[in-house]
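Next come the chains, spelled out residue by residue.
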Amino acid sequence: MYVLGVETSCDETSVSVVKDGNIVLSNEVLSQIDIHQSYGGVVPEIASREHIKGITYVFDQAIKKANLSYEDIDLIAVTKGPGLIGSLLIGINAAKVISLNYHIPIIGVHHISGHIYANYIEHGMEFPLLALVVSGGHTELVLMKEHFSFEKLGETQDDAVGEAYDKVARILGLGYPGGPAVDKLANQGSDTFDFPRPMIHSDDYHFSFSGLKSHVINKHHNMLQRNEEINVKDFSASFQEAVTDVLVAKTIKAKENYQVKQVIVAGGVAANSGLRKKIKANITDIPVYFPIMDYCTDNAAMIASAGYFKYKKYGKSDDLYINGYSRLDLEREM
Ligand code: KG4
Ligand code: ZN
């Protein structure tokens, strides 16, 4: 089954063709990072306009590189949310046009289900499994007892991990997106600041990163005021150690409590080298998987894979009234 995936929830215009959920025939990604960088973050209005400019080209390239034509496509899977509403609507409307024109069924999928299924492409899935979802907008632990079933065990009560990374990068003057830059510096420094590990011992699977973020910002501010020299490498390493300690501790707790067969990490922050190392070093009894780098950040291959499994599970597609949603609950994804 050939699935055409479409992803435009933030600042990447992506279209992909995936066969049977994991054979990626093409995965075209047009990134807008260069454009948003000068603003220090994604500007929604600009993102929508860039999607409009690039979308037709990206569709054509994805089909061409897969060596197929639209007549060969069996299903279109498009991100319906959560994300920037203007951006989402560009992808959804483009997908509708192709659906209508070529009589291809269309199905809307949750962006995070895509991030989770990015792992399926390389590694497959064995249930029950635990997914640690860490992205720019999400931080949650999700239990999957079967394909396309998502039970949220806990989530961040305030900021997402990626958001905290981006904020810390901004005060350190590292630009946008900040996660990769902080990660790189962290690898060259050591944990000398001993930042707090919020909620690490709490009895639930929730997270909180806004307190840590404020603590880090205040520390930076106070040091600047006192004219103290800030070792950016140690500062980054200390932040990364604090964040990954919490993420890994909660993941281990959930893994043990729910007796899962596999742990998968999903979302942009799954690219983080410190997290990769720490989780692998601490979970050795069952497989721990990360998507390859290309599938960590936003891409349409993961959306095609998720759409394939959603369609297989429910046996039905959406109609052309399918809409975009800036907020969307993963557990109600059907
Ligand atoms: O999943 P994603 O591409 O977009 C959302 O769906 O939110 O995640 C983007 C986030 C950004 O906050 C970015 O700074 C972060 O992922 N990120 C990282 C790394 N690479 C990307 N954070 C920490 N370490 C990295 N290596
Ligand atoms: Zn994402």
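Residues numbered from 1 in each chain as written. Chains lettered and ligands numbered in written order. Predicted model: local features only at pLDDT ≥ 70, side-chain atom pairs only at ≥ 80, totals over all residues. Heavy atoms only, no water.

With that out of the way, let us pick up the nonpolar core. The nonpolar side chains of a soluble globular protein tend to be buried, and buried together. By size, the foremost hydrophobic cluster in this structure holds 42 residues, and its most contacted members are Leu132, Phe239, Leu247 and Ile279. Breaking this core down by element, the ones donating at least two residues are strand S6 (129-134), strand S7 (139-144), helix H5 (161-171), helix H7 (210-225), helix H8 (232-258), strand S9 (262-266) and helix H9 (273-282). A total of eight residues in this core trace back to one element, the largest contributor, which is H8. Residues in contact with Phe239, not counting those within four places in the same chain, are Ala164, Tyr165, Val168, Val182, Phe195, Leu212 and Val216. Within the second largest apolar cluster, 32 residues are counted, among which are Ile107, Ile112, Ile116 and Tyr295. (Core = buried A, V, L, I, M, F, W, Y, C linked by side-chain atoms within 4.5 Å. Buried < 20%, exposed > 50% of the residue type's maximum accessible area, 1.4 Å probe, protein only. Helix = DSSP H or I, 4+ residues; strand = E, 2+ residues; numbered from the N terminus. Contact = heavy atoms within 4.5 Å.)

Another point: the pairing of strand S8 (residues 151-155). Taken together, the four bridges between S7 and S8 define a ladder with antiparallel strand orientation. Note that in S8 the partner of Leu141 across the bridge is Gly154. (Pairing = 2+ DSSP bridges.)

Now for the site of ligand 1. Near ligand 1 there are 20 residues, and of these His115, Gly136, Asp166, Gly268 and Asn272 occur at the shortest range. The contact in question runs from an oxygen atom of ligand 1 to an N or O atom on the backbone of Gly136, over 2.8 Å. Here a nitrogen atom of ligand 1 sits 3.0 Å away from a polar atom, N or O, in the side chain of Asp183. Protein coverage of the free-state accessible area of ligand 1, which is 550 Å², stands at 89%. Put simply, the parts of the chain that give the shell around ligand 1 at least two residues each are helix H4 (111-123), H5 and helix H6 (179-186). (Near = heavy atom within 4 Å. Polar contact = N/O pair within 3.5 Å; in protein donor to acceptor, adjacent residues only side chain to side chain. Areas by Shrake-Rupley, 256 points an atom, 1.4 Å probe, with all protein chains shown as cover.)

Turning to its location among the elements, Leu330 is positioned in the segment after helix H11 (300-314). A residue is classified by how much of its surface remains accessible, and Leu330, at 2% relative accessible area, is buried. For the pair Leu330 and Glu151, spaced 179 residues apart in the sequence, the C-alpha separation amounts to 8.3 Å. Sequence-distant contacts of Leu330, defined by excluding residues within four places in its chain, comprise His110, Ile112, Ser113, Ile116, Glu140, Val142 and Phe150.

Take the domain arrangement of the protein next. Accessible area lost upon the coming together of the parts serves often as the stated size of an interface. Along its sequence, the protein is organised into domain 1 (2-115 + 295-332) and domain 2 (127-286). On a C-alpha basis, the centres of domain 1 and domain 2 stand 27 Å from each other. When the two sides are added together, the surface that domain 1 and domain 2 hide from each other amounts to roughly 1700 Å², 68% of it contributed by carbon and sulfur. Of all residues in domain 1, the largest losses of buried area upon contact with domain 2 belong to Cys296, Leu330 and Glu331, amounting jointly to 29% of the total for that side. Here domain 1 is connected to domain 2 by two salt bridges. Here domain 1 and domain 2 share six residue pairs in polar contact (both at pLDDT 80 or more) between them. Of all the elements, H11 adds the most residues to the side of domain 1 that touches domain 2, at five residues. By residue class, the composition of the side of domain 1 that touches domain 2 is nine nonpolar, six polar and five charged. (Domains from an automatic or database assignment. Buried area = accessible area lost by both parts, 1.4 Å probe. Salt bridge = Lys/Arg side-chain N within 4 Å of Asp/Glu carboxyl O. Nonpolar A, V, L, I, M, F, W, Y, C, P; charged D, E, K, R; others polar.)

Next up on the list: the coordination of the zinc ion (ligand 2). For the zinc ion (ligand 2), the full set of protein donor atoms is His111 (NE2), His115 (NE2) and Asp298 (OD), at a range of 2.0 to 2.1 Å. Sequence positions of the residues that donate to the zinc ion (ligand 2) give the spacing H-x3-H-x182-D. Of the two residues, His111 and His115 both sit in helix H4, four residues apart, roughly one turn of that helix. (Donors = N, O, S within 2.8 Å, 3.2 Å for Na, K, Ca; no water.)

Moving on to the pairing of strand S1 (residues 2-7). With five of its six residues buried, S1 lies for the most part within the structure. In this sheet, strand S2 (residues 12-19) lies alongside S1 in antiparallel orientation, the contact comprising six bridges. By the bridge assignment, Val6 is partnered in S2 with Val15. Two successive antiparallel strands, S1 and S2, enclose a turn made up of four residues. In this sheet, strand S4 (residues 75-81) lies alongside S1 in parallel orientation, the contact comprising four bridges.

Turning next to the sheet that holds strand S10 (residues 288-289). Read from one edge of the open sheet, five strands run S8-S7-S6-S9-S10, paired in mixed fashion. The sheet is open, and its two borders are formed by S8 and S10, each paired with just one other strand. Note that S6 and S7 share six bridges and pair antiparallel. Bridge pairing in S7 links Leu132 to Leu141. Contacts from H8 reach S6, S7, S8 and S9 within the one sheet, and its direction differs from that of S6 by about 160 degrees. (Axes fitted to C-alpha atoms, helices over the stretch in contact; angles between N-to-C directions.)

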